[in-house]
Amino acid sequence: MKLLKLIFFLLFFIFYLNNVYGENSKVDEISKNLRCLICQGQSIYDSQSEFALSVKTLISKKLEKGDSERDIYDFLKSKYGDWIVYKPDFNKYTLVLWIFPLLLFLFGGFLIVRKVFIKGNKI
Amino acid sequence: MKIRLSFIFLFCLILFVAFVFYKSLFDDKNYAPKNINNKIENISIKEFYTDKNFYLKNLFEEETLMAINIWASWCIPCRQEHRYINKLSEIDNLKLVGLNYKDKKNSAQMFLRELGNPFDIILTDTDGTKSIFLGAYGVPETLILDRELKIIKKYIGPINSDIVNEIKTIIK
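Cut-offs applied
- Residues numbered from 1 in each chain as written.
- Chains lettered and ligands numbered in written order.
- Predicted model: local features only at pLDDT ≥ 70, side-chain atom pairs only at ≥ 80, totals over all residues.
- Helix = DSSP H or I, 4+ residues; strand = E, 2+ residues; numbered from the N terminus.
- Rg over C-alpha atoms; globule rule 2.2 N^0.38 Å.
- Buried ≥ 20, exposed ≤ 12 C-beta atoms within 10 Å, placed from the backbone.
- Contact = placed C-beta atoms within 7 Å.
- Domains from an automatic or database assignment.
- Pairing = 2+ DSSP bridges.
- Axes fitted to C-alpha atoms, helices over the stretch in contact; angles between N-to-C directions.
- Parallel < 35°, antiparallel > 145°, perpendicular 65-115°, else oblique.
- Left-handed = near helix turned anticlockwise from the far one by under 90°.
- Nonpolar A, V, L, I, M, F, W, Y, C, P; charged D, E, K, R; others polar.
- Core = buried A, V, L, I, M, F, W, Y, C linked by C-beta atoms within 7 Å.

1. Quick word on the overall build of chain A
Right, on to step 1. Counting its secondary structure elements, chain A contains five helices and zero strands.
Right, on to step 2. Beginning at the N terminus, the succession of helices and strands in chain A can be written as α-α-α-α-α.
Right, on to step 3. A compact globule built from 123 residues should have a C-alpha radius of gyration of about 14 Å, whereas chain A, at 24 Å, is more than 25% larger.
Right, on to step 4. For chain A, the spread of C-alpha atoms along the principal axes amounts to about 80 × 50 × 25 Å.
Right, on to step 5. The 123 residues of chain A split such that 15% are buried.

2. With respect to the overall build of chain B
Right, on to step 1. For chain B, the helix and strand inventory stands at five helices and seven strands.
Right, on to step 2. The C-alpha radius of gyration computed for chain B amounts to 22 Å, which surpasses the reference 16 Å derived for 172 residues by more than 25%, pointing to a less compact arrangement than a globule.
Right, on to step 3. Based on the C-alpha atoms only, the size of chain B along its principal axes is roughly 80 × 30 × 30 Å.
Right, on to step 4. In chain B, buried positions account for 28% of the 172 residues.
Right, on to step 5. Across chain B, every contact between residues at least 6 apart in sequence was considered, and the portion connecting residues at least 24 apart equals 73%.

3. What about the domain arrangement of chain A?
Right, on to step 1. Taken domain by domain, chain A holds domain 1 (25-89) and domain 2 (90-123).
Right, on to step 2. Each of domain 1 of chain A and domain 2 of chain A has a C-alpha centre, and these two points are 35 Å apart.

4. Observations concerning the sheet that holds strand 4 (residues 94-101) of chain B
Residues and elements named next belong to chain B.
Right, on to step 1. Read from one edge of the open sheet, seven strands run 2-1-5-4-3-6-7, paired in mixed fashion. In the strand order of this sheet, the two ends are held by strand 2 (53-55) and strand 7 (151-156), each with one partner. Shown here is a sheet whose adjacent strand axes are inclined to one another by a mean of 30 degrees, direction ignored.
Right, on to step 2. In this structure, strand 1 (residues 44-47) lies alongside strand 2, joined through three bridges in antiparallel fashion. The residue of strand 2 that forms the bridge with S44 is Y55.

5. Overview of the pairing of strand 1 of chain B
Residue and element names in this part refer to chain B.
Right, on to step 1. Remark: five residues form the turn of the hairpin made by strand 1 and strand 2, two consecutive strands paired antiparallel; D51 in that turn has positive phi of roughly 65 degrees.
Right, on to step 2. In the sheet, strand 1 pairs with strand 5 (residues 121-125) via two bridges, with the strands oriented antiparallel. Bridged to E47 within strand 5 is L123.

6. Observations regarding the environment of N38(B)
Residues and elements named next belong to chain B.
Right, on to step 1. Tracing the chain through its elements places N38 in the loop between helix 1 (2-25) and strand 1.
Right, on to step 2. In this structure, the C-alpha to C-alpha distance between N38 and L149, residues 111 residues apart in sequence, is 8.5 Å.
Right, on to step 3. Setting aside its immediate chain neighbours within four residues, N38 contacts K150 and I151.

7. Overview of the packing of helix 2 (residues 76-88) of chain B against helix 5 (residues 161-171) of chain B
Residue and element names in this part refer to chain B.
Right, on to step 1. Relative orientation of the contacting elements helix 2 and helix 5 amounts to 20 degrees, with a least axis distance of 10 Å. Considered as vectors, helix 2 and helix 5 are oriented roughly parallel to each other. Here helix 2 runs over helix 5; the crossing is right-handed. Where helix 2 approaches helix 5, its residues Y84, K87 and L88 are matched on the opposing element by S161, V164 and I167.
Right, on to step 2. The class makeup of the residues in the contact of helix 2 with helix 5 is four nonpolar, one polar and one charged.

8. Thoughts on the nonpolar core
Right, on to step 1. Counting 41 residues, the largest nonpolar core has V55(A), A67(B), I68(B), I70(B), W71(B), V97(B) and V139(B) as its most contacted members.
Right, on to step 2. Only helix 2 (26-32), helix 3 (50-65) and helix 4 (69-80) of chain A together with strand 3 (65-71), helix 2, strand 4 and strand 6 (141-146) of chain B provide two or more residues apiece to this core.
Right, on to step 3. Dropping the residues within four chain positions of it, I68(B) is found in contact with V97(B), L99(B), L134(B), L143(B) and L145(B).

9. Quick notes on unusual backbone geometry
Residues and elements named next belong to chain B.
Right, on to step 1. Put simply, V139 and P140 share a cis peptide bond, and its omega is -15 degrees.
Right, on to step 2. Of note, P140 is situated in the loop between helix 4 (129-133) and strand 6.
Right, on to step 3. A positive phi angle, near 65 degrees, is found at L149, a position not held by glycine.
Right, on to step 4. Looking at the secondary structure, you find L149 in the loop between strand 6 and strand 7.
Right, on to step 5. C-beta crowding within 10 Å serves as the criterion here: with 18 such atoms nearby, L149 is assigned to the partly exposed category.

And the structure:
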């Protein structure tokens, strides 16, 4: 009886984990990179709103038609703007966004270098 | 020297952050994308009663503008805005198209029987994908298109008497 229970639980967990960690479909992969515009802080993948469900249906339809990942992102960007993708393109509008953290990092490094080396030499 | 430099930097940073926060106080909270492609592809959508496919451009007769209202019987704000949609139907030179969004046919027909059918033609979007081609977020939403299928105006959410008046001025 004990053995039967054990087998049952093992089988249960095998199937369960298969569902959780099973191979991600292409639709999941793409929808994880898309922001659900009407639900705050959720991706299209996470959301169960009508909007998100429609986008997921559209993605699978477009994939069936043979569109590439790039095509789908471009299509949605043309409809909803850059905001729908989590990773923004590098262009003149997003220049500050991309460059500023780098500048901040360099400035911090500069401060550390000054503090450690230049001051250390004096002593 | 060292203290002063970091002080100036900190000061600038605080000033910058304060400026950003202050500015966003007055921003419109509704997100509306700028510089997007405002032109809709000439897609074909199924008609509500007959299931025949219609191309958007072919819906125009002598009208110069088209209003597409996306609605569903399960959507409460659609119920509230319906009397304003009825008013839109009185405007000349405007093709009033209804797009039934993810709805059951029976409930949609009940909705129209109860509140009236102001639409010149009703199209149906069973899985919501056609609405994405229109750049729509959900229901209710009203779009004003010209003959080239360019979006002239987009109203997210239920329309009211102010918007009806605004649409009247757009057409004149």
